[in-house]
Amino acid sequence: RHGPPPGAGAPTPPPPRNRRTRTNSSALPRPAAAAGPRTMALPGGFSEVRPAEPEHQAIAETVREQIQETCACEMPLFTAVTVATQVVAGLMLLMKLQITEEGECLHVKVFRPLPHTGEGPQVLAVETGYSLDSPLAALAE
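Residues numbered from 1 in each chain as written. Predicted model: local features only at pLDDT ≥ 70, side-chain atom pairs only at ≥ 80, totals over all residues. Heavy atoms only, no water.

> Any chance you could break down the pairing of strand β3 (residues 90-98) for me, citing the residues and the numbers?
Most of β3 is tucked away: nine of the nine residues are buried. The pairing of strand β2 (residues 79-88) with β3 spans nine bridges and is classified as antiparallel. For Ala84, the partnering residue across the bridge sits in β3 and is Leu94. Counted between consecutive antiparallel strands, the loop separating β2 from β3 contains one residue. Across nine bridges, the pairing between β3 and strand β4 (residues 104-113) is antiparallel. (Buried < 20%, exposed > 50% of the residue type's maximum accessible area, 1.4 Å probe, protein only. Helix = DSSP H or I, 4+ residues; strand = E, 2+ residues; numbered from the N terminus. Pairing = 2+ DSSP bridges.)

And the structure:
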């Protein structure tokens, strides 16, 4: 006699191979919302604005002459205050630079190419007339 034993029914076929399984995403547990401001930027966009670090100050120093030529303003102080970054084929930076003791600031857009290019950072845009309280926003090139 061939086939399943009496009362066993038809055998269950094995699951298909090399197929993706769909999951009802609404049934999956969701992580709890983090307290405080959003810490990750949208994919492809600029990061959240954060305090500048020594690395950002060093980049600003390398383009100080370019900034001076572009804005033709006095800069007795030259301190990177805040920064937002975007990874592209290199690094795009939006920086707020304090240039006077009174709190006058510049907003600067700088592109730092990948190291293998051998090129240094380049100033793409400079805008004047900001203060320490001004929000850092994207600049037109």
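> Describe the pairing of β2, listing the residues and the values that go with them.
Taken together, the two bridges between strand β1 (residues 50-51) and β2 define a ladder with antiparallel strand orientation. Looking across to β2, one finds that Pro51 is bridged to Thr82.

> Please set out the nonpolar core residue by residue, giving values where relevant.
Ile67, Met95, Leu97, Leu106, Val108 and Val110 are the most contacted members of the largest nonpolar core, which totals 20 residues. Elements supplying a minimum of two residues to this core: α1 (54-62), α2 (64-71), β2, β3, β4 and β5 (122-131). For this core, the leading source of residues is β3, giving four residues. Every residue in contact with Leu106, bar those within four places of it in the chain, is listed here: Ile67, Cys71, Cys73, Met75, Met95, Lys96, Leu97, Ile99, Val126, Glu127 and Thr128. Ala84, Leu94, Ala125 and Leu136 belong to the second largest nonpolar core, which has five residues in total. (Core = buried A, V, L, I, M, F, W, Y, C linked by side-chain atoms within 4.5 Å. Contact = heavy atoms within 4.5 Å.)

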